[in-house]
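What follows is each chain in one-letter form.
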Amino acid sequence: MSLLDAVRLALTQIRVQKLKSFFTLLGVTIGVMFLIAVVSIVNGMSKYVEEDFAAKFLGVNTFTLRRFPNFQNGNVTEATWREWQRRPQITSEDAEAVRAALPTGTHWAIQDSRYATPSSSYRNSGPQARVSAVSADYFLIKNLDLERGRVFTEQEEQIGAPVIVLGSETAETYFPNVDPLGKDLRLEGLPFRVIGVLKKQGSTFGISLDRQAIGPFHSDLRRVTHARMGLDGVLVQGSDVGNLQDAQESTREVMRRRHHLRPSDPDNFMMETSDSALGAWQTIKQFLVIGGIVLPLIGLVVGAIVIMNIMLVAVADRTREIGIRKALGARRRDIMWQFLVESATLSVFGAILGIALGFGLSLLIKSVTPLPSSVALWSVIVSVVLGAGVGIIAGIYPASRASRLDPILALRSE
Amino acid sequence: MSPVEQDVAMSTTAERKVVTGVPGVAPSSDWVIVTRGITRDYDMGGEVVHALRGVELAVRRNEYVAIMGPSGSGKSTLMNLIGCLDTPSAGEYWLNGVLVSRMADDELARVRNREIGFVFQTFNLLPRASALHNVELPLVYAGVSSAERKERAREALTRVQLGDRMDHRPNELSGGQRQRVAIARALVNRPAILLADEPTGNLDSTTSEEIMRVFEELASSGQTVIMVTHEPDIAQHARRVVVLRDGRISSDETRETFLASLNSARA
């Protein structure tokens with residue numbers, strides 16, 4: 001019997017017993033649905049983190065000199081945490097020293113951020129914004145594009161001009177229906193003139209990148225960000241990977257000297273790259289993927305058990321048919337094949353249904369939660385293969401029972 | 001040709017040589033069935049039942065044979081053996097020059113598919129399949145392509161005057177029509193023997209006569225027919241009547257002598 005004949009036969013069987021087939025499929029369908037949904041969420045987050053987040057938060061070919069990692073990799077022990085707290089602050093003097101030692105071709109920016117509630121003559125209060133006091137190359141390193149206006153110059157930064165560049169959402173919130181350029185935004189009572197508005201960037205993990213205000217490091221903005229207590233970090237961007245490594249080496253030298261570390265002491269500062277931050281994500285992702293596969297597997301195992309039982313019932317119900325087929329010349333392998341294909345077809349049907357529902361679920365999640373989600377092609381392929389596999393495995397025992405039936409006894413059964 | 005098919009083909013030629021040398025059997029391809037001392041024992045919970053106690057039967061091509069006997073005489077067992085649904089406990093069975101009594105399951109399935117056309121008392125059609133598909137079934141297992149299958153199935157159905165009922169399901173057909181579908185199915189693979197097991201057992205007498213006429217036509221057109229029945233009225237349609245009693249052949253006569261002894265017994 002050819003595969004086509006066998007599949008056709010299986011489809012007839014499914015059509016004849018629609019309701020029974022549907023219940024048979026339920027386990028596989030639910031398993032596959034969750035597989036598709038979970039994987040698409042993980043996949044969506046992954047795309048997000050790797051493409052958006054890494055570039056937006058960290059920049060390309062960039063490292064950030066910090067006291068301790070901003071993105072923590074897995075669980076941090078109490079001892080590690082205490083060690084981090086004992087570390088010296090990164091000061092603006094450190095930043096100057098690092099800058100002096102950087103190889104040519106690198107860009108450099110101080111960054112110190114804090115959340116604060118701005119106000120304007122149009123609106124007294126509203127959502128907080130991430131306020132950053134930075135040096136001029138910050139915009140370049142972060143690859144921030146302007147919607148309108150301009151960014152501040154190095155001179156403005158040096159003299160500490162009270163100017164500010166706003167994220168698109170902050171601009172809209174505090175200057176509703178007016179052009180914010182030339183207007184004042186107040187932070188802790190201090191006025192800053194708006195000179196530019198950034199292009200809309202969207203959000204990552206529910207954190208809006210458009211709710212921010214960026215001003216010169218040497219301006220009064222430092223009072224808002226409390227830079228005296230130490231900087232958040234120093235951003236360094238290399239022209240390429242080799243340049244970045246050179247920059248990291250010279251920064252390490254400078255910082256170790258400034259912190260009076262002996263050769264045997266470990267670094268008491270952190271140079272965070274997008275790789276090191278993504279490392280954390282990779283760990284999270286592994287857990288999510290394992291969870292996203294283990295849970296559906298339970299569904300598939302249940303599905304397999306159901307299918308096996310239904311197929312055993314089908315074999316018992318159709319004993320006479322098997323007898324007839326054998327009398328007409330069906331070999332063991334023909335009968336085996338027929339029931340395996342039937343079971344696999346049934347299960348693949350369930351998988352396809354599950355894929356459709358999984359798509360739907362993933363769209364639903366995307367629309368009602370901040371979680372990003374994007375269906376991964378591989379999960380669709382895996383689902384179909386799993387569906388067929390589950391069907392075949394679940395069908396082996398019933399099919400082999402069917403194939404071993406004695407034709408004489410089978411023909412006599414009712 | 002697959003390795004399996006090659007094997008079968010090779011063993012076929014090998015065994016053909018042997019059968020011509022079997023003493024007491026004419027070395028001719030005329031013999032469709034030759035059984036030599038076949039027995040069949042069943043183990044019924046420790047007690048051995050001897051259903052067949054050594055049956056010698058030879059059937060020529062084109063013969064029309066009825067196998068008769070009361071229930072328990074072993075005629076069903078003999079039919080299963082002739083139909084290659086079962087193998088004997090001892091003895092040899094040569095079908096169309098091939099020793100089939102030692103064959104394994106899958107080889108037997110192949111022989112059933114190629115050499116035997118079954119007609120059952122209860123028709124044994126697939127209830128959810130159309131008449132056409134039912135007739136196609138043996139060809140499916142013979143590996144015939146879909147187009148050729150349909151054509152040959154249509155031909156066979158036309159031959160039993162069911163050309164206009166091809167898309168009907170068994171439950172949409174009368175008993176006689178169902179049995180004719182079964183006959184078409186039995187013939188579609190051009191088998192060496194048509195093996196009928198109480199073919200009229202579930203039919204009224206008018207329909208029985210109709211089915212017997214179909215058998216008669218097939219027999220006159222050269223089809224070897226073996227029919228198992230317990231009804232003398234049905235058996236007398238055959239040209240040769242073999243009577244089984246207690247697992248042995250008790251008589252083997254032409255229709256004429258059978259009828260004569262039947263009449264004398266009635267008188």
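Residues numbered from 1 in each chain as written. Chains lettered and ligands numbered in written order. Predicted model: local features only at pLDDT ≥ 70, side-chain atom pairs only at ≥ 80, totals over all residues.

1. Comments concerning the overall build of chain B
Step number 1: Per the secondary structure count, chain B includes 9 helices and 10 strands.
Step number 2: Burial statistics for chain B: of 267 residues in total, 45% are counted as buried.
Step number 3: Within chain B, residue pairs in contact and separated by at least 24 positions form 69% of the contacts whose partners lie at least 6 positions apart. (Helix = DSSP H or I, 4+ residues; strand = E, 2+ residues; numbered from the N terminus. Buried ≥ 20, exposed ≤ 12 C-beta atoms within 10 Å, placed from the backbone. Contact = placed C-beta atoms within 7 Å.)

2. Let's talk about the overall build of chain A
Step number 1: Along the backbone of chain A there are 14 helices and 13 strands.
Step number 2: Going through the 414 residues of chain A one by one, you find that 42% of them count as buried.
Step number 3: Excluding contacts between residues fewer than 6 apart, the proportion of contacts in chain A whose partners are at least 24 apart in sequence is 85%.

3. Overview of the interface of chain A and chain B
Step number 1: Taken together, the 16 residues of chain A in the interface contact 18 residues of chain B.
Step number 2: At the level of elements, helix 1 (3–16), helix 11 (319–327), helix 12 (332–368) and helix 14 (407–412) of chain A are the ones that each hand at least two residues to the side of chain A that touches chain B.
Step number 3: The leading source of residues in the side of chain A that touches chain B is helix 11 of chain A, at 4 residues.
Step number 4: In terms of residue class, the side of chain A that touches chain B is built from 9 nonpolar, 1 polar and 6 charged. (Nonpolar A, V, L, I, M, F, W, Y, C, P; charged D, E, K, R; others polar.)

4. Some details on the pairing of strand 8 (residues 224–228) of chain B
Residues and elements named next belong to chain B.
Step number 1: When you tally the buried positions in strand 8, you get 5 out of 5 residues, the bulk of the element.
Step number 2: Two elements, strand 3 (residues 64–68) and strand 8, share 4 bridges in a ladder whose sense is parallel. In the sheet register, valine 65 faces strand 8, and the bridge partner there is isoleucine 226.
Step number 3: Sheet topology note: the strand 7 (residues 193–197)/strand 8 ladder contains 5 bridges and is parallel. Within strand 8, the residue paired with leucine 195 across the bridge is isoleucine 226.
Step number 4: Assessed by its sense of winding, the connection that carries the chain from strand 7 through helix 7 (residues 205–220) to strand 8 is right-handed. (Pairing = 2+ DSSP bridges. Right-handed = clockwise from strand over helix to strand, strands pointing away.)

5. Topic: the sheet that holds strand 6 (residues 116–119) of chain B
Residues and elements named next belong to chain B.
Step number 1: In space, the 6 strands of this open sheet follow the order 6-7-8-3-9-10, with mixed pairing throughout. On the outer flanks of this sheet lie strand 6 and strand 10 (248–254), each paired with one strand and no other. On average, each strand axis in the sheet is tilted by 20 degrees relative to the strand beside it, whichever way the strands run.
Step number 2: Of the pairings in the sheet, the one linking strand 3 to strand 9 (residues 240–245) comprises 4 bridges and is parallel in character. Pairing of alanine 66 across the sheet is with valine 241, part of strand 9.
Step number 3: Sitting on the sheet, helix 7 is in contact with strand 3, strand 7 and strand 8, with an inclination near 145 degrees to strand 8.
Step number 4: Those strands touched by helix 9 (residues 255–266) are strand 9 and strand 10, and its axis lies near 110 degrees from that of strand 10. (Axes fitted to C-alpha atoms, helices over the stretch in contact; angles between N-to-C directions.)

6. A short note on the nonpolar core
Step number 1: Counting 126 residues, the largest nonpolar core has Ile67(B) and Ala184(B) as its most contacted members.
Step number 2: The element best represented in this core is helix 2 (residues 18–58) of chain A, accounting for 16 residues.
Step number 3: Setting aside residues no more than four positions away along its own chain, Ile67(B) makes contact with Lys75(B), Leu78(B), Met79(B), Ile226(B), Val228(B), Val242(B) and Leu244(B).
Step number 4: Listed in part, the 47 residues of the second largest apolar core include Ile164(A), Val165(A), Phe192(A) and Leu221(A). (Core = buried A, V, L, I, M, F, W, Y, C linked by C-beta atoms within 7 Å.)

7. Looking at helix 9 of chain B
Helical periodicity: at 3.6 residues per turn, an α-helix aligns residues three or four positions apart in one direction.
Step number 1: The end-to-end C-alpha distance of helix 9 of chain B is 16 Å, a good match for the 16 Å that 12 residues give at a rise of 1.5 Å each.
Step number 2: Of all 12 residues that make up helix 9 of chain B, 1 are buried, and the element is exposed over most of its length. (Expected span 1.5 Å × (residues − 1).)

8. Examining unusual backbone geometry
Excluding glycine, most residues fall at negative phi; most peptide bonds, likewise, are trans.
All names here are of chain B.
Step number 1: Of note, the phi angle at phenylalanine 123 is positive, near 65 degrees, even though the residue is not glycine.
Step number 2: Mapped onto the fold, phenylalanine 123 is located in the loop between strand 6 and helix 4 (131–141).
Step number 3: Under the C-beta neighbour-count criterion, phenylalanine 123 is labelled buried, with 23 such atoms within 10 Å.

9. Let's talk about the confidence of the model for chain B
All names here are of chain B.
Step number 1: Taken as a whole, chain B shows an average pLDDT of 87; of its residues, 89% reach a score of 70 or greater.
Step number 2: At the low end of the mean pLDDT range in chain B sits helix 1 (residues 3–19), at 42; at the high end sits strand 8, at 96.
Step number 3: The low-confidence segment residues 1–27, where pLDDT is below 50, has 14 contacts with residues more than four positions distant or belonging to other chains.
Step number 4: Among the prediction metrics, the complex's ipTM stands at 0.87, with pTM recorded as 0.67. (pLDDT = per-residue confidence, 0-100.)

10. Quick word on the packing of helix 6 (residues 175–187) of chain B against helix 7 of chain B
All names here are of chain B.
Step number 1: Between helix 6 and helix 7, whose axes approach to 10 Å, the crossing angle comes to 20 degrees. By the angle class used here, helix 6 and helix 7 are roughly parallel. Judged by the sense of rotation from one axis to the other, the crossing of helix 6 with helix 7 is right-handed. Contacts between helix 6 and helix 7 involve Gly175, Gly176, Gln179, Arg180 and Ile183 from the former and Thr207, Glu210, Ile211 and Val214 from the latter.
Step number 2: A per-class count over the contact of helix 6 with helix 7 returns 3 nonpolar, 4 polar and 2 charged. (Parallel < 35°, antiparallel > 145°, perpendicular 65-115°, else oblique. Left-handed = near helix turned anticlockwise from the far one by under 90°.)

11. Points about the sheet that holds strand 1 (residues 31–44) of chain B
All names here are of chain B.
Step number 1: With antiparallel pairing, the 4 strands of this open sheet are ordered in space as 2-1-4-5. Each end of this open sheet is capped by a strand with a single partner; those strands are strand 2 (47–60) and strand 5 (98–99).
Step number 2: Direction of pairing for strand 1 relative to strand 4 (residues 90–95): antiparallel, over a ladder of 5 bridges. Within strand 4, the residue paired with threonine 39 across the bridge is alanine 90.

12. Focus on the packing of helix 4 of chain B against helix 5 (residues 146–159) of chain B
Each pair of packed helices can be described by the angle between their axes along with the distance between the axes.
Residues and elements named next belong to chain B.
Step number 1: Orientation of helix 4 relative to helix 5, taken along the N-to-C sense of each, is 120 degrees, at an axis distance of 9 Å. Overall, the two elements helix 4 and helix 5 adopt an arrangement that is oblique. Once helix 4 is placed against helix 5, the crossing between them reads as right-handed. Counting all contacts with helix 4, which are made through Ala131, Leu132, Val135, Glu136, Leu139 and Val140, the residues of helix 5 involved are Arg149, Lys150, Arg152, Ala153, Arg154, Ala156 and Leu157.

13. Remarks on helix 4 (residues 92–101) of chain A
Residue and element names in this part refer to chain A.
Step number 1: Every buried residue belonging to helix 4 is among Asp94, Ala95 and Val98, and all of these are buried. All buried residues of helix 4 fall inside an arc of 100 degrees around its axis, so they share one side. What points out from helix 4, more than 90 degrees from its buried face, is the exposed set Glu93 and Ala100.
Step number 2: The elements touched by buried residues of helix 4 are strand 1 (62–66), strand 2 (107–116), strand 12 (233–237) and helix 9 (241–258). (Arc of directions from axis to C-beta.)

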